[in-house]
Amino acid sequence: MMPDAIGYELDGDIAILKAQNPPVNALGYDVRMGLMDGIARAEKDGARAVLIYGDGRTYFAGADIREFGKPPRGPALPDICDRIESSPLVVVSSLHGTALGGGLEMALASHYRIAVPSARMGLPEVLIGVMPGAGGTQRLPRLAGLDAALDLITSGRQFGAKEALELGVVDRVVDGDPREIGLAYTRELLESGAKRRPVSEMPAPAPVDFDAIYDAVLKKGRGQISPATAVRGIQAACELPFADGMKRERELFRELMASDQREGLIHAFFSERAVGKLPELKGVEPRDLAAIGVIGGGTMGAGIATSALLSGLNVTMLEMTPEAAEAARGRIESNLGGALKRGKITQAGFEDLTQKALVLSTDYAALKDVDLVIEAVFEDMDVKKTVFKQLDAVCKPGAVLATNTSYLDVNEIAAVTSRPGDVIGLHFFSPAHVMKLLEIVVADKTAPDVVATGFALGKKMGKISVRAGVCDGFIGNRILSTYRTCADHMILDGASPYQIDKALTGFGFAMGPYAVADLAGLDIGWAVRKRLAPTRDPRERVPTFPDRLCEGGNYGQKTGKGYYVYEAGKRAGVPNPDVPAMIDANRAELGITPRDFSDEEIVRRYMCAMVNEAAKVVGEGIARRPLDVDMTLLFGYGFPRYRGGPLKWADIVGLKGILADIKTFAKDDPYFWQPAPLLETLVADGRSFDDLNKEAS
Ligand code: T1G
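Residues numbered from 1 in each chain as written. Predicted model: local features only at pLDDT ≥ 70, side-chain atom pairs only at ≥ 80, totals over all residues. Heavy atoms only, no water.

Per the domain assignment, the segments of the protein are domain 1 (6-258), domain 2 (289-468) and domain 3 (476-696). Put simply, the middle of domain 2 and the middle of domain 3, counted by C-alpha atoms, are 30 Å apart. Taken together, the contact pairs twelve residues of domain 2 with 13 residues of domain 3. Across the interface of domain 2 and domain 3, roughly 1,000 Å² is buried in total on both sides, 60% from carbon and sulfur atoms. It is Tyr407, Leu437 and Arg467 that lose the most area in domain 2 upon contact with domain 3, and together they represent 43% of the buried surface on that side. Linking domain 2 with domain 3 are zero salt bridges, by the criterion used here. The interface formed by domain 2 and domain 3 contains one residue pair in polar contact (both at pLDDT 80 or more). Elements with a contribution of two residues or more to the side of domain 2 that touches domain 3: β16 (437-441) and β17 (464-468). At four residues, the largest contribution of residues to the side of domain 2 that touches domain 3 is made by β17. Of the residues in the side of domain 2 that touches domain 3, the class split is seven nonpolar, two polar and three charged. (Domains from an automatic or database assignment. Contact = heavy atoms within 4.5 Å. Buried area = accessible area lost by both parts, 1.4 Å probe. Salt bridge = Lys/Arg side-chain N within 4 Å of Asp/Glu carboxyl O. Polar contact = N/O pair within 3.5 Å; in protein donor to acceptor, adjacent residues only side chain to side chain. Helix = DSSP H or I, 4+ residues; strand = E, 2+ residues; numbered from the N terminus. Nonpolar A, V, L, I, M, F, W, Y, C, P; charged D, E, K, R; others polar.)

Written out as structure tokens, the structure reads:
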């Protein structure tokens, strides 16, 4: 028999309502029913006060977001908040864990609030595409003031008990058990004759120029509408009577609830948790992970070592010479210096990490006891094979041997060792101590517990780990290569790199593909093109203007010039005046008469290319599920989170139309626009990528 979602107890003249809905006391239907019943019962029992707190790890962590998009059931949260606030009894909430969203709104509807020092709070609704919908935009401004309410609600950030006390969001911060400190505080209130203190009856802040605030927040949202819409809710608190403000909040909340962006952000929320849970790893124990080795102390190796050190791992960094080892130490200390500056570590922590946890060596023997080694040397197959032969000879039995290669064949690397089952790809993204994406590349013979160890390392390092199969570019770079080629084709046919970048930032990308290429370094793509040239299919349309740019030594930001020219001290570049002539020459070589492109067509072609290649990646099993591709693009390639990822976007806009467009585009270039078999199957069966996600979980 499931315990009641809300426990009820009478302690003297105090009724105690205890949330019992693990893991996070989400305010699902049973909890909401229990709260309504509990308040009514307390009043019927003649209690003088009610104490509300959460069992387990936290006070209510918000509405149950699994109910979003489903027909509403049972009492709505705003009604429960109003019921609590209007009770004739004195209502006290005792907060611990993470009182978020509707949870904090419940506390704001209480008359008094106490918290333990470690408690954290927040109204993160905008982060999942909605806004506070149970009075948060009406009560928080009254309690904490307009500036704090605007900051907390439009950012969705969490804040701690100390800040909450300073803002007046909580009345007390006392260490101890939430129930005990809550009871003691409630008794003290009753003994002192404290009255009910409805926040709704407090004066609201004076109105200000909310249109200006709305415009500023909308601009900052880069296309995401929930933060700016929440501003209109706060505006209602300042301009309307409370009841009317609540109505206005509800209208705005419902608008957002019905939006594609809410669908995209909720998909991202659940997918970033699901992506690390592979059915094939159920019950598979990872190997020990206390100390790791990193070979190669360049940008990638130093970033990987930094991330590992910050996650509590001991790291042995191997370089070729003492000078290279010292240079690697310098890079790692510079990375950790950033963490120190941001307060992520203390000075003592910095010294521990750099003096004790980090060991530098030029001798492979230093790796004989590590649990896992990550190779991050030059992207050359022969160099990597040499390294793996030495690792095979030196590392202890059971040590995991990982390569950070971004596209080389992990099967080929594994084959030079006597233990291919211990070999795996761990593809980090630069800078490795900042980027959250980790592609875990599983070779044909990689053992299941080695895969589990890769995921355990990713979790320890705070990464979003995605399982990838072996192919050129794995998941992310393979898809990137296709949509970048589509962009190059549009340039050959008449678009400019600058129009394409503008169109894609308008779609929600932080940067357009050509600005990204300048940032990453144009020489990387150039090397890939040269590597692939011998095996190119003659039907492929291959632009030459990118090579002309590189031949001039223009590699992007690192040389000060690429598609853009970067003047010293300026973050953004300006279009490189030499580029149009290179494009015109390329068009002339091919006999192309350039045509105009609308921003809409640019985005449509770009996204159809991305979705088509992603469908091939899922269809071939390189990515286990569509959500795995979505998380790869969100966490490694700047895809706008409020669209959920390319395959969520495809489901929302409709697969039928996407396939039809691909077939239209194929008339001009049948080789590039070969429809993905999986896409054709889904359209034929009337299914979505999300259907595949559900089937795979
Ligand atoms: N609803 C349903 N399930 C939830 C949930 C929620 N609100 N929060 C977490 N879970 C699940 C999660 O999917 C995972 O499930 C498990 O709990 C542990 O979570 C009216 C409308 C609370 C800080 O946005 O920020 O209130 O994978 O792995 O790292 O205005 O979860 O185990 O099956 O993340 O310790 C507002 C979202 C809702 C909070 C805990 N609230 N959650 O982090 O564990 S909207 C939120 C979080 C709202 C009102 C509006 C975090 C956490 P599974 P976890 P964690």
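Once the structure has been displayed, the description carries forward.
This paragraph deals with the site of the ligand. Lining the immediate surroundings of the ligand are 27 residues, of which Arg57, Glu105, Glu125, Arg273 and Lys277 lie closest. For the ligand, an oxygen atom lies 2.3 Å from a polar atom in the side chain of Arg57. In the complex, the protein chains occlude 75% of the 990 Å² of accessible area that the ligand would expose alone. Sorting the residues of the shell around the ligand by element identifies β5 (98-100), α3 (102-109) and α11 (260-274) as the ones contributing at least two each. For the shell around the ligand, the residue count by class is 15 nonpolar, five polar and seven charged. (Near = heavy atom within 4 Å. Areas by Shrake-Rupley, 256 points an atom, 1.4 Å probe, with all protein chains shown as cover.)

Here strand β13 (residues 372-375) shows a buried face lined by Leu372 and Ile374 and a second buried face lined by Val373 and Glu375. In terms of strand pairing, strand β10 (residues 291-295) meets β13 through four bridges, oriented parallel. Pairing of Ile295 across the sheet is with Glu375, part of β13. Sheet topology note: the β13/strand β14 (residues 400-403) ladder contains four bridges and is parallel. The residue bridging Leu372 from the neighbouring strand is Val400, located in β14. (Buried < 20%, exposed > 50% of the residue type's maximum accessible area, 1.4 Å probe, protein only. Pairing = 2+ DSSP bridges.)

Using the criterion set out here, one finds one cavity of 30 Å³ or more in the structure. Taken as a whole, the largest cavity holds about 30 Å³ of empty space. If you trace the largest cavity, you find it lined by Thr306, Leu310, Asn335, Ala339, Arg342, Lys344 and His433. Among the elements of the structure, α12 (299-310) and α13 (322-341) are those that each provide at least two residues to the lining of the largest cavity. A breakdown of the residues in the lining of the largest cavity according to their chemical character gives two nonpolar, three polar and two charged. (1 Å grid on protein atoms, 1.4 Å probe; cavity = no way out; pocket = protein on both sides within 12 Å on 5 of 7 lines; lining within 4 Å. Points joined across faces, edges and corners; volume = space filled by probe spheres on them.)

Let's shift gears to the state of the cysteines. Enumeration according to the criterion identifies zero disulfides in this entry. The structure places no disulfide on Cys550, whose sulfur is separated from the nearest cysteine sulfur, that of Cys486, by 20 Å. (Disulfide = S-S within 2.5 Å.)

Once that is clear, we can look at the side chain of Arg32. With respect to the helices and strands, the residue Arg32 is situated in helix α1 (residues 29-44). Ignoring any residue separated from it by four or fewer positions in sequence, one finds Arg32 in contact with Leu27, Glu67, Arg73, Pro75, Leu77 and Ile80.

Once that is clear, we can look at the sheet that holds strand β8 (residues 158-160). By way of backbone hydrogen bonds, the strands of a sheet pair with one another, either parallel or antiparallel. Ordered in space as β5-β7-β8, the three strands form an open sheet in which the pairing is mixed. Both outer strands of the open sheet, β5 and β8, are each paired with one neighbouring strand and no more. Averaged over neighbouring strand pairs, the angle between their axes works out to 25 degrees when direction is ignored. When strand β7 (residues 120-122) meets β8, the two strands line up antiparallel, connected through three bridges. Residue Met121 lies in a different strand from β8, and its bridge partner there is Phe159. Contacts between α3 and the sheet are confined to β5, β7 and β8, with β5 contributing the most and set at about 85 degrees to the helix. (Axes fitted to C-alpha atoms, helices over the stretch in contact; angles between N-to-C directions.)

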